[in-house]
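As a plain string of letters, each chain reads:
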Amino acid sequence: MTNTQLTLIQIDNYGPWTVTPEPRREVDLQTLQSRLYADLSQLFGNRDGYVFFSRFDNMVAVTNGIDTDAHALIQESIGNRYPVTVSLSIGTGETPATAIETASEQLQAAGSAQASDRQEILRGEPIVESDRTDEDVRIAHFDVNDATGKYTDRLNEFDTFINIEQSYAELMRYLRETHDSLSFFVGGDNIISVCPDLDAEQYHDAIEHVSEAVGVELKVGVGRAANAQSAGMAAKHALETCRYDGRDVVFGDQ
Ligand SMILES: Nc1nc2c(ncn2[C@@H]2O[C@H](COP(=O)(O)OP(=O)(O)OP(=O)(O)O)[C@@H](O)[C@H]2O)c(=O)[nH]1
């Protein structure tokens, strides 16, 4: 069984800030957003978490093993470094979808994303240490088969981008609707999904669905562990095994 702990990260009152006192230069917003993501990736990553940028003003972190004090420290550090603050909401659940649902509801209950008096909220309870197991987190690392030969070296960059993004859109929707999983594009031709305990057939069906819908062929390595970093690393090794023996689904511990 999985026991996912996710943290919703939301920039406080960001919409109004981007236009106050007048619209801020887009390049400055892009720079702020990407630096904030980089810092959060490092701050959570140093504690074995994974952060996904989703919409940049909102980000989702897999935070199994990261306690409330560490969240508070990260929140304070961001507040000291940036002209904006972030709210953090920790949600847990048997599936990633229920965890993000809880995290989102807690933050919504604390006030609007665009309320000037809702700042640096820290809500939710991490999984208690005694309830944690070595199998709480499942990370599935998807990769497009031969993206370089089929797309990067043949098509112009924008048409390559369309193909990759379409496979992402199909996969994220399919896994969300059929298996309560959350999928994130992480660059290149890679998609990382936070999943419950799915079997090889279910991963194979997802890959087949994407292939039939948009004609992009995927493979996937799956890892399980007590935290995102270890599960993610096991998934990467499993993906190498896919490359080596040609299977489309490999589990890290098999
Ligand atoms: N975020 C992330 N990106 C990766 C990773 N591995 C590769 N990439 C990206 O994916 C691109 C394509 O690399 P590969 O997936 O190794 O190449 P490929 O042509 O698809 O070949 P095969 O995957 O072996 O079929 C690279 O340029 C990187 O941008 C990874 O582990 N994480």
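Throughout, residues of each chain are indexed from 1 in the direction in which the sequence is written. Note on the predicted model: pLDDT of at least 70 is required for a residue's local features to be given, and 80 or more for side-chain atom pairs to be given and counted; whole-chain, interface and lining totals, by contrast, use all residues. With hydrogens and water set aside, each side-chain value is computed from the structure's full complement of heavy atoms.

- The protein chain is annotated in an unreviewed UniProt entry as GTP cyclohydrolase III from Halococcus thailandensis JCM 13552.
- UniProt annotates the protein chain under Sequence similarities (unreviewed entry) with the comment "Belongs to the archaeal-type GTP cyclohydrolase family." UniProt positions are given in the numbering used here, feature names are shortened, and annotations may be inferred rather than shown by experiment.

## Details of the confidence of the model for the protein chain
- Model confidence for the protein chain is summarised by a mean pLDDT of 96, while 99% of its residues fall at 70 or above.
- For this predicted complex, the interface confidence comes out at an ipTM of 0.85, alongside a pTM of 0.95. For every residue, the pLDDT score states the predictor's confidence, bounded by 0 at the bottom and 100 at the top.

## Overview of the sheet that holds strand β4 (residues 86-93)
- Taken in spatial order, the 5 strands of this open sheet run β2-β3-β1-β4-β5, and their pairing is mixed. The sheet is open, and its two edges are formed by β2 (50-52) and β5 (122-123), each paired on a single side.
- Strands are treated as partners if at least two bridges between them are detected by DSSP. For helices the rule is a DSSP run of H or I covering at least 4 residues; for strands it is a run of E covering at least 2, with both sets numbered from the N terminus onward. Where strand β1 (residues 4-11) and β4 come together, 8 bridges link them in antiparallel fashion. In the strand pairing of β4, Ile11 is matched with Val86.
- Strands β1, β4 and β5 of the sheet are contacted by helix α3 (residues 68-81), whose axis makes an angle of about 155 degrees with β4. A contact between two residues is defined here by any heavy atoms of the two lying within 4.5 Å. Axes here refer to lines fitted to C-alpha atoms; in helices the fit is confined to the stretch in contact. Angles between the N-to-C directions go from 0 to 180 degrees.

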